[in-house]
Number of protein chains: 2
Amino acid sequence: MTTTARSTATPATGAVITDVVTHDIRFPTSRELDGSDAMNPDPDYSAAYLVLRTDAGDGIEGHGFTFTIGRGNDVQVAAIDALKPHLLGRSVDELAADPGTLGRALTGDSQLRWLGPEKGVMHMAIGAVVNAAWDLAAKRAGLPLWKFLADAEPEWLVEQVDFRYIADALTPAEALELLRAGRVGAAGREAVLRERGYPGYTTSPGWLGYSDEKLTRLARQAVADGFTQIKLKVGADLADDVRRMRAARAAVGPDIRIAIDANQRWNVGEAIEWTRALAAFDPYWIEEPTSPDDILGHATVRAAVGPDIKVATGEHVQNRIVFKQLLQAGAVDVVQIDAARVGGVSENLAILLLAAKFGVPVCPHAGGVGLCELVQHLSMFDFVALSGTTEDRVIEYVDHLHDHFETPVVMRDGHYTAPTAPGFSATMHPGSIAEYRYPDGRFWTADRARGAADIPEEAVV
Amino acid sequence: MTTTARSTATPATGAVITDVVTHDIRFPTSRELDGSDAMNPDPDYSAAYLVLRTDAGDGIEGHGFTFTIGRGNDVQVAAIDALKPHLLGRSVDELAADPGTLGRALTGDSQLRWLGPEKGVMHMAIGAVVNAAWDLAAKRAGLPLWKFLADAEPEWLVEQVDFRYIADALTPAEALELLRAGRVGAAGREAVLRERGYPGYTTSPGWLGYSDEKLTRLARQAVADGFTQIKLKVGADLADDVRRMRAARAAVGPDIRIAIDANQRWNVGEAIEWTRALAAFDPYWIEEPTSPDDILGHATVRAAVGPDIKVATGEHVQNRIVFKQLLQAGAVDVVQIDAARVGGVSENLAILLLAAKFGVPVCPHAGGVGLCELVQHLSMFDFVALSGTTEDRVIEYVDHLHDHFETPVVMRDGHYTAPTAPGFSATMHPGSIAEYRYPDGRFWTADRARGAADIPEEAVV
């Protein structure tokens, strides 16, 4: 494969990856009701976190992570550890010049591939590692990732994408054409982005565990904060949902979009009935109405509830191949990429290109631990240098756990402010890692000393 | 949920699961070319193996495993270990009376679910555990699993199935009707099964690494052994495949079916072209022409190469939801269940029922480590008490590693002989475990002493 070396990369001739440090980091979020939904009643927001260290002597590391919700975070760390032989000794120059090659090497490991392929624990581990490589590359270039991508040559970006299994919907030549077209007017859009930021929407009012009073108060606050869209979790009890949706609509008025999110709670038939029962309150989209694996099911739901109510999914969609089919089948109105589930930036480039080809807006999933920090870069690149628009596009925003990151997202008037620090905004404070490492961090050690039950045992009875 | 207690279960009142022992077992099969195909050039056939122990005092254990091909088997073991809290202390009586409940508890763990849902490493771990529970249940009933299932009340079998996300294609009422219809004539079919066995086909001649001479010799041997179908691996080089396919057809004559298997090597367009290029040699089916995630892609391939050449897939299909869509979309002519990838016997019941509903034959994937031992039970149940036929149905057979099992498959005249030992035929010899445990078994310890490189390091450079 030919590579187009990026002239912006800091030289580090001869430097290699010398260490891959992994951490099992868990925050005890289940002790609040923040983050509760119909399928995830007690999440402990967690990160299987890794650091790529080098001998370049420049102090630059690559950081990446998989987001999980508690139990199994150790399995995710074990999966990242299983990838170490692919990383140790790799040339830093080559990695930074061509992160896509790493992604293909990891997904193509003929033995590890059996554990997916390209799905679940192993693929999420690959995503974390690939994201760390992109973080390293952008840091070495001295650019925030969105700008690193937006400045890259279209030919080079196409080389970073794995077209295997998607070439029937998007050829490399078509991708190149989209990226070339995306460069037209990019400078002007970059100026707009730096001035106004990228629009967000907030899920903060809508968690299932909140009282109607809290929902109403937080919904009004969201509007006051400049958001033009909020989201409510639904799917546990229809009467409750009708009441909550009525309260939310009353709180925000007719002009604010209210998305609803069932978190895969329903079968296809239930999804249609339940969504129709909430139609009177004008939901903007129904998110994850059923299994993320059910392409034909989403198409059926969309045919039944659209076009007034849009269908959205993606946070649990396993890879570009399923996104391809959701688009081919006309199953979704909104593509919800997640920065840390698929095979990292490289595969998300493929998904952004597919969405651009099909003309479907991308509204990323975020929240959790650090997902806002990561995914903002992908949407900002998409705006500046691919789709060229923010129309009907918003990034999810949840006000959780940002303080644990060195360069947390900055919201202003309902918009994500464009990051300026080099890299992918993935770096967690060392103090947060020391506090919340599981099971040996200070918080968990003290927690056991207080006699609280261990997470894995309290929750599975 | 109401449960219909099985009168055949041995009473063990008060007994519970006391231990879950796991083993990382790896066989050095990559040192031969057995098992090589276009995507898996150097598999080290492996098992992430578990034993459910109880305090019932009857010596009965439940055995189960996930099959992998080497690296990552440790990640798979870690995933099984993560399920232990769901198992320890569980009532043996309740587990044996209702294994489906365990499956739902495992797939429904709200935190672990994030790592799938129902796909990849975590779901394969669930499958191993659920299979161990079915093994325990069948052993306690004193019946081989196929007979345990075939004798079960239809109402009870329906209760073992999770209809979530498949109810739009198959309702519990429809499943009940299929199972009731399947009982008609079951005794006669059981007699036929015990007399003749269940037809198999063999992949032994067709591995990519074999010379044409070896292929020809093994293909003739397969016919002499009573097989009416063989399979060739294809997809690495078209000229080679044409030559090998010609040799195979010459060896077996026009009446033996020759299936071809691309192991996901192709994009959709390539799959169509390559398969057509081999059409002159009358391949019976093209297996895994592209990604197992690509439902619409398989439908496109089938529309292009069918009906003369059938389309088959399934060994890497992650769950019942994807099988459902393959059937809904008319994407496959042959459903290839795997005993150890989806959520165990319970989910395979769902898939067998879906295939029966759509009238599509099931021809299981097998080979690897112990997959023949397991999956024969599912096909035999299907013949005796569900689809009621073996027409166009064959179980894959590969002559690998059977001797490591206490009750290995017995082939006779190209047929799998019906197992008579209680359980799921999953129990590996303790001596084999002691020999091939990785990295501390006798073989691996001696291997390192001989100075051979460790598997994970030799293969990833």
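Procedures and definitions
- Residues numbered from 1 in each chain as written.
- Chains lettered and ligands numbered in written order.
- Predicted model: local features only at pLDDT ≥ 70, side-chain atom pairs only at ≥ 80, totals over all residues.
- Heavy atoms only, no water.
- Helix = DSSP H or I, 4+ residues; strand = E, 2+ residues; numbered from the N terminus.
- Buried < 20%, exposed > 50% of the residue type's maximum accessible area, 1.4 Å probe, protein only.
- Contact = heavy atoms within 4.5 Å.
- Buried area = accessible area lost by both parts, 1.4 Å probe.
- Salt bridge = Lys/Arg side-chain N within 4 Å of Asp/Glu carboxyl O.
- Polar contact = N/O pair within 3.5 Å; in protein donor to acceptor, adjacent residues only side chain to side chain.
- Phe/Tyr/Trp six-rings, centres within 6.5 Å; stacked < 30°, edge-to-face > 60°.
- Pairing = 2+ DSSP bridges.
- Axes fitted to C-alpha atoms, helices over the stretch in contact; angles between N-to-C directions.
- Arc of directions from axis to C-beta.
- Least-squares fit on C-alpha atoms with pLDDT ≥ 70 in both.
- pLDDT = per-residue confidence, 0-100.
- Core = buried A, V, L, I, M, F, W, Y, C linked by side-chain atoms within 4.5 Å.
- Left-handed = near helix turned anticlockwise from the far one by under 90°.
- Nonpolar A, V, L, I, M, F, W, Y, C, P; charged D, E, K, R; others polar.
- Parallel < 35°, antiparallel > 145°, perpendicular 65-115°, else oblique.

Student: Which residues make up unusual backbone geometry, and what are the values?
Tutor: Between Gly306(A) and the following residue, Pro307(A), the backbone shows a cis peptide bond with an omega angle of -5 degrees. Of note, Glu288(B) is a non-glycine position whose phi angle comes to about 45 degrees, a positive value. By the secondary structure assignment, Glu288(B) is in the loop between strand E7 (283-287) and helix H13 (295-305). Residue Glu288(B) is classed as buried on the basis of its relative accessible area of 1%. Positive phi values are uncommon outside glycine, yet Asp392(B) reaches one of about 60 degrees. Within the element layout of this structure, Asp392(B) appears in the loop between helix H16 (371-385) and strand E10 (395-397).

Student: Quick one: what's the story with the interface of chain A and chain B, residue by residue and with numbers?
Tutor: Taken together, the 66 residues of chain A in the interface contact 66 residues of chain B. Each partner contributes to the roughly 5,300 Å² buried at the junction of chain A and chain B, and carbon and sulfur atoms together form 56% of this total. Three residues, Gln111(A), Trp114(A) and Leu115(A), lead the burial of chain A against chain B; their summed loss comes to 17% of the area buried on that side. Counting every contact that joins chain A to chain B gives 6 salt bridges. Two residues, Asp293(A) and Lys119(B), come together in a salt bridge whose shortest N-O distance is 2.8 Å. Taken together, chain A and chain B are joined by 37 residue pairs in polar contact (both at pLDDT 80 or more).

Student: Describe in detail the packing of aromatic side chains, supporting the description with residues and values.
Tutor: Applying the stated criterion to the full structure yields 34 aromatic pairs over all chains. Both rings, one in Phe148(A) and one in Trp156(A), keep their centres 6.0 Å apart while their planes meet at 85 degrees; by these two values the pair is edge-to-face. The burial state of Phe148(A) is the same as that of Trp156(A); both residues are buried. When the centroid spacing of 5.5 Å and the interplanar angle of 35 degrees are considered together, the rings of Tyr436(B) and Phe443(B) count as tilted.

Student: Tell me what's going on with the sheet that holds strand E1 (residues 17-26) of chain B, and back it up with residues and numbers.
Tutor: Strands pair in a sheet through their backbones, by hydrogen bonds, and they do so in one of two ways: parallel or antiparallel. Residue and element names in this part refer to chain B. Taken in spatial order, the 3 strands make up an open sheet running E1-E2-E3, and their pairing is antiparallel. The sheet terminates laterally at E1 and strand E3 (62-68), the two strands that pair on one side only. Strand-to-strand twist of the sheet, defined as the mean angle between neighbouring strand axes without regard to direction, takes the value 15 degrees. Pairing of strand E2 (residues 46-54) with E3 involves 7 bridges; the strand directions are antiparallel. Counterpart to Ala-47 in the pairing with E3 is Phe-67. Across the sheet, helix H1 (residues 73-81) lies against E1, E2 and E3, angled at about 175 degrees from E1, the strand it touches most. Where helix H5 (residues 120-141) meets the sheet, its contacts fall on E1, E2 and E3, and the angle it forms with E3 comes to roughly 150 degrees.

Student: How would you explain helix H4 (residues 99-107) of chain B if you had to name every residue and give the values?
Tutor: Residues and elements named next belong to chain B. All of the buried residues in H4 are Pro-99, Gly-100, Leu-102, Gly-103, Leu-106 and Thr-107. Projected down its long axis, H4 carries its buried residues within an arc of 155 degrees, all on one side. Considering only its buried residues, H4 is in contact with helix H2 (84-87), helix H3 (92-97), H5, helix H7 (154-159) and helix H15 (344-358).

Student: With reference to specific residues and values, describe the relation of the copies chain A and chain B.
Tutor: In screw terms, the move from chain A to chain B is a rotation of 180 degrees and a rise of 0.0 Å along the axis, fitting with an RMSD of 0.0 Å. Put plainly, the chains are arranged around a two-fold axis. Nearest to the rotation axis, the C-alpha of Gly120(A) is located 2.3 Å from it, this being the minimum over chain A. Most of the interface of chain A is mirrored in chain B: 100% of its interface residues are interface residues there too.

Student: A description of the sheet that holds strand E2 (residues 46-54) of chain A should follow, citing residues and the corresponding values.
Tutor: Residue and element names in this part refer to chain A. Strand order across the open sheet formed by 3 strands is E1-E2-E3, with antiparallel pairing between neighbours. Unpaired on one side and paired on the other, strand E1 (17-26) and strand E3 (62-68) mark the two borders of the sheet. Each neighbouring strand pair of the sheet contributes to a mean axis angle of 15 degrees, computed without reference to strand direction.

Student: Which residues make up the confidence of the model for chain A, and what are the values?
Tutor: All names here are of chain A. Scored by pLDDT, chain A has a mean of 94; 95% of the residues are at 70 or more. Taken together, the stretch residues 1-8 has pLDDT below 50 and engages in 13 contacts with residues farther than four places along the chain or on a different chain. A low-confidence stretch, residues 455-461 stays under pLDDT 50, and its non-local contacts, those more than four residues away or across chains, total 15 contacts. Model confidence for the complex is summarised by a pTM of 0.95, with the ipTM given as 0.95.

Student: Can you tell me about helix H18 (residues 442-449) of chain B, naming the residues and giving the values?
Tutor: All names here are of chain B. By the burial criterion, the buried members of H18 are Phe-443, Trp-444 and Asp-447. Down the axis of H18, the smallest arc covering the buried residues is 90 degrees, so these residues share one side. Relative to its buried face, H18 has exposed residues pointing more than 90 degrees away, namely Arg-442 and Ala-449. A positive backbone phi angle near 90 degrees is found at Gly-451, which sits one or two residues after H18.

Student: Tell me about the environment of Val51(B), and name the residues and values.
Tutor: All names here are of chain B. Structurally, Val-51 can be placed in strand E2. In this structure Val-51 comes out as buried when scored by relative accessible area, which is 4%. When the C-alpha atoms of Val-51 and Val-21 are compared, they prove to be 5.1 Å apart, with 30 residues separating the residues in sequence. Setting aside anything within four residues of it in sequence, one finds Val-51 in contact with Asp-19, Val-20, Val-21, Glu-61, Gly-62 and His-63.

Student: How would you explain the nonpolar core if you had to name every residue and give the values?
Tutor: Membership of the largest hydrophobic core comes to 299 residues, with the highest contact counts inside it found for Val335(A), Phe381(A), Val335(B) and Phe381(B). Among all residues touching Val335(A), those that are not within four sequence positions of it are Thr313(A), Phe323(A), Leu327(A), Ile351(A), Ala355(A), Val360(A), Pro361(A), Val362(A) and Cys363(A).

Student: An account of the packing of helix H10 (residues 212-224) of chain A against helix H11 (residues 238-252) of chain A is requested, with residue identities and associated values reported.
Tutor: All names here are of chain A. Relative to each other, H10 and H11 sit at 35 degrees, their axes nearing to 9 Å. Considering how the two elements wind past one another, H10 and H11 form a crossing that is right-handed. In this structure, H10 uses Asp-212, Leu-215, Thr-216, Ala-219, Arg-220 and Val-223 to contact H11, whose residues at the interface are Arg-243, Arg-244, Ala-247, Ala-248, Ala-251 and Val-252. Counted by class, the contact of H10 with H11 contains 7 nonpolar, 1 polar and 4 charged residues.

Student: Any details on the side chain of Thr66(B)? Residues and values, ideally.
Tutor: Residue and element names in this part refer to chain B. Relative to the helices and strands, Thr-66 resides in strand E3. Residue classification places Thr-66 among the buried residues on the basis of a relative accessible area of 0%. When sequence neighbours within four positions are dropped, the list of residues in contact with Thr-66 reads Ser-46, Ala-47, Ala-48, Gln-76, Ile-80, Met-124, Ala-125, Ala-128 and Ala-340.

Student: I'd love a proper account of the side chain of Lys147(A), names of residues and values included.
Tutor: Residues and elements named next belong to chain A. In this structure, Lys-147 sits in helix H6 (residues 145-151). Engagement of the side chain of Lys-147 in a polar contact is seen with the side chain of Glu-190, the distance being 2.9 Å. Dropping the residues within four chain positions of it, Lys-147 is found in contact with Glu-190 and Arg-194.

Student: Would you mind going over the packing of H5(B) against H15(B) in detail, with residue names and values included?
Tutor: Residue and element names in this part refer to chain B. Orientation of H5 relative to H15, taken along the N-to-C sense of each, is 100 degrees, at an axis distance of 6 Å. Between H5 and H15, the crossing angle belongs to the class labelled roughly perpendicular. For the pair formed by H5 and H15, the contact residues are His-123, Gly-127, Val-130, Asn-131 and Trp-134 on the first element and Gly-344, Val-345, Ser-346, Glu-347 and Leu-349 on the second. Grouping the amino acids of the contact of H5 with H15 by side-chain chemistry returns 4 nonpolar, 5 polar and 1 charged.

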